[in-house]
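Descriptive analysis of the structure
Letter by letter, the chains look like this.
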Amino acid sequence: SSSSSSSSSSSSSSSSSSQPSPELVASRGEQMKEILAYCDPFKDRYKKCFDVWYTRGFLRGRLDNKCDDFFEDYKACVLEEMDARGLRTGLLGVDLPPELQSARPYSSR
């Protein structure tokens, strides 16, 4: 088994730097869709809070965003589900959804 992985890695290293197969990418994409659907209630709570803060706070000059805890709950849900499925972020794995790539995308901090 290790000899087959070493032969496949040597053949793939000549073409490109260890790009995942299209099948693996599709599988990860499907898993991410499932994860995001599972975590939707957390995202919805954050979005509702943010929308209220934006219109009733930010646009009136109040910069104290009280929604950070909701965002952290959503982010934790996604990261925990990714971990439970063996998905990793960064070099080896899946990109996070854009709204989770920064610490607090809509925060005033």
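On a predicted model such as this, the values are computed, not experimentally measured, just so you know. (Residues numbered from 1 in each chain as written. Predicted model: local features only at pLDDT ≥ 70, side-chain atom pairs only at ≥ 80, totals over all residues. Heavy atoms only, no water.)

This next bit is on the overall build of the chain. In terms of helices and strands, the chain carries 4 helices and 0 strands. Each helix and strand of the chain, placed in order from N terminus to C terminus, yields the pattern α-α-α-α. The contacts of the chain with a sequence gap of at least 6 include a subset with a gap of at least 24, amounting to 70%. Working note: accessible area of the chain is about 7600 Å², and carbon and sulfur atoms make up 53% of it. (Helix = DSSP H or I, 4+ residues; strand = E, 2+ residues; numbered from the N terminus. Contact = heavy atoms within 4.5 Å. Areas by Shrake-Rupley, 256 points an atom, 1.4 Å probe, with all protein chains shown as cover.)

What follows concerns the nonpolar core. Formed by 15 residues in total, the largest nonpolar core has its most connected members in Met32, Ile35, Cys39, Val78 and Met82. Elements with a minimum of two residues in this core: α2 (22-38), α3 (40-56) and α4 (68-84). Ranked by residues supplied to this core, first place goes to α4 with 5 residues. (Core = buried A, V, L, I, M, F, W, Y, C linked by side-chain atoms within 4.5 Å. Buried < 20%, exposed > 50% of the residue type's maximum accessible area, 1.4 Å probe, protein only.)

What follows is about the state of the cysteines. Across all of its chains, the model carries 2 disulfides by this definition. Here Cys39 is linked by a disulfide to Cys77, with a sulfur-sulfur distance of 2.0 Å. Where Cys39 bonds to Cys77 through sulfur, the torsion about that S-S bond is close to -85°, and the disulfide is left-handed. Within this pair, whereas Cys39 is found in the loop between α2 and α3, its partner Cys77 is found in helix α4, the two being separated by 38 residues in sequence. Taking the relative accessible area as the measure of exposure, Cys77 reaches 8% and is therefore buried. Between the sulfur of Cys49 and that of Cys67 lies a disulfide, 2.0 Å long from S to S. Linking Cys49 and Cys67, the disulfide has an S-S dihedral of approximately -85° and is accordingly described as left-handed. With Cys49 in helix α3 and Cys67 in the loop between α3 and α4, the pair connects residues that are 18 residues apart, well separated along the chain. Comparing Cys49 with Cys67, the two get one shared label, buried. (Disulfide = S-S within 2.5 Å.)

Another point: the packing of aromatic side chains. Evaluation of the coordinates by the stated rule reveals 6 aromatic pairs. Residues Phe50 and Trp53 carry aromatic rings whose centres are separated by 5.4 Å and whose planes lie at 50° to one another, so their mutual orientation is tilted. With Phe50 and Trp53 both in helix α3 and 3 residues apart, this pair spans about one turn of that helix. Trp53 sits in the buried class, given a relative accessible area of 10%. Measuring from ring centre to ring centre gives 5.3 Å for Tyr54 and Phe58, while their planes differ by 20°; the resulting arrangement is stacked. The class for Phe58 is partly exposed, based on a relative accessible area of 36%. (Phe/Tyr/Trp six-rings, centres within 6.5 Å; stacked < 30°, edge-to-face > 60°.)

The next thing to look at is α4. In a regular helix each residue adds 1.5 Å, so 17 residues correspond to 24 Å; α4 covers 24 Å between its end C-alpha atoms and thus fits that length. Those residues of α4 lying buried are Asp68, Phe71, Tyr74, Lys75, Cys77, Val78, Glu81 and Met82. One or two steps after α4, the chain reaches Gly86, where phi turns positive at roughly 75°. (Expected span 1.5 Å × (residues − 1).)

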